[in-house]
Amino acid sequence: MRSLDHTQFGHVPGLLPDANQRHLLALLVCQDDLAAVSHFSSPADRDAWLATVIESGKTDPRVRDLLPLAYHCLSERGIEVKDKAYLRSLRLAFAGCNHQQADAWSKVVYQLQLAGIDPVILKGNSLIVDYYDDPTLRPMTDADILVRIEDQGRAGDILQTLGFSKVALDQDTTNPEFEHATPYTRAGREWSDIDLHVHVLSKCHAAEIDQWFFNQLEEYEFYGVKTHRLAPTALLTHLLLHGLRHSSTTPIRWIVDCHQVLHHRADDINWREMLAFAKQHQFTLRLSLALLYLHDEFGSMLPTDVEEHLRWHRPRHFERMETTFLLKRFPEGASLLSRSLYLLRSMSWRACRMRGGWYIPLDFIRVVRHLIAGRSVRTALVRAWRYGKNN
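Residues numbered from 1 in each chain as written. Predicted model: local features only at pLDDT ≥ 70, side-chain atom pairs only at ≥ 80, totals over all residues. Heavy atoms only, no water.

Of regular secondary structure, the chain possesses 18 helices and 7 strands. Buried positions account for 53% of the 391 residues belonging to the chain. A separation of at least 24 residues holds for 68% of the contacts in the chain among residues at least 6 apart in sequence. Accessible area for the chain stands at about 18,400 Å²; split by element, carbon and sulfur atoms hold 52% of it. (Helix = DSSP H or I, 4+ residues; strand = E, 2+ residues; numbered from the N terminus. Buried < 20%, exposed > 50% of the residue type's maximum accessible area, 1.4 Å probe, protein only. Contact = heavy atoms within 4.5 Å. Areas by Shrake-Rupley, 256 points an atom, 1.4 Å probe, with all protein chains shown as cover.)

Below, the structure is given as structure tokens:
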């Protein structure tokens, strides 16, 4: 049997949804009406929970973005909601924002095409037109646009001529060796942020991986502009690998997005090709954790042979190391030995995925220097990673 499964990560903060979030997600993705509300003991219990969710949505953007879809699902099931006026107004507000954003982003895509750049729409904007029954059910806050690495400079210049400016994070933000995307924004224009991607996956920048995604494109009309997006197999792979990750705020939108792909385009997913790609690049464990979580918690349908393959997958050492490093936070109260092993493993993983070689001695020296200087473990790791190869 596999050495890891999603139940072993349930206690990690910022990784998997908590109980209330799971209840909300079940309402959104479970096909069975009874399964969607089975955790409520009575209609009164359900109504009290809904009131709590709506109230939390006023302060938590992750929940707020799901409320239009929640209202839609409740209406479809004939469940009355007390705060209908608020949910309707919220949906109308998102509809206006989506329209405003789509208008700005489609112009950016068009200008990139005029310059001979073929952009690819990633993530939410590639789903909003036809994967969701209504575009207002998928609120958008930014656009993710992928270009080939050789087009990064020209694409950035075009964005700047259109009034966008780079978001200052650190001096290596635009270095494709370290970052998979460069964020841009427009001053005074809300809802117009763009992440210009040169790599599909964060923290994994191998050219052959990017090329696999570029080979999996389909035509897509984005608000009047014909462009491209990832085909269902690559799209689901991207959503799974990007979604199941540790974050200071638990990612939950990926669960709904993956469900929409499985629900609308299941027949178009080439599972054999996905699993072959995952095996070649040692992503099988991460894919299995995400897919089996969707299957076990929310009833997402997987082909029997795929489910069996994922459950019996025996990960190699690198897969276990990478998955543990990406999905589990560093234990603050760990012993000196555990901290040292964590540093060595994380640097080994970074070297394999990001640089195509092993730079552990140089990285370790840099980390020690930063620690002696009084910097935190996280800062030492980040600085060593960012400046490792070029210094």
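The strand order across the open sheet formed by 7 strands is S3-S4-S5-S2-S1-S7-S6, and the pairing between neighbours is mixed. This sheet does not close on itself; its edge strands, each paired only once, are strand S3 (165-166) and strand S6 (217-222). Note: strand S1 (residues 120-122) against strand S7 (residues 225-230), 2 bridges, orientation parallel. Note that in S7 the partner of isoleucine 121 across the bridge is arginine 229. Sheet contacts for helix H6 (residues 84-114): S1, strand S2 (142-146), strand S5 (193-197), S6 and S7; angle to S7, the most-contacted strand, approximately 90°. (Pairing = 2+ DSSP bridges. Axes fitted to C-alpha atoms, helices over the stretch in contact; angles between N-to-C directions.)

The phi angle at lysine 123 is positive, at roughly 55°, despite the residue not being glycine. Mapped onto the elements, lysine 123 comes out in the loop between S1 and helix H7 (124-127).

This part takes up the packing of aromatic side chains. Where two aromatic rings form a pair, the distance of their centres and the angle of their planes describe that pair. Scanning the model with the defined rule gives 7 aromatic pairs in all. Their ring planes at 15° and their centres at 3.9 Å tell us that tryptophan 212 and phenylalanine 277 sit as a pair that is stacked. Within this pair, whereas tryptophan 212 is found in helix H9 (residues 207-214), its partner phenylalanine 277 is found in helix H12 (residues 271-280), the two being separated by 65 residues in sequence. Looking at phenylalanine 277, the relative accessible area reads 2%, which means it is buried. Residues phenylalanine 277 and phenylalanine 283 carry aromatic rings whose centres are separated by 5.8 Å and whose planes lie at 40° to one another, so their mutual orientation is tilted. On the basis of relative accessible area, phenylalanine 283 is assigned to the buried category, the value being 1%. Note that lysine 58 overlies the ring of tyrosine 86, its terminal NZ or CZ placed 5.1 Å from the centroid. (Phe/Tyr/Trp six-rings, centres within 6.5 Å; stacked < 30°, edge-to-face > 60°. Lys NZ or Arg CZ within 6 Å of the ring centre and 35° of its normal.)

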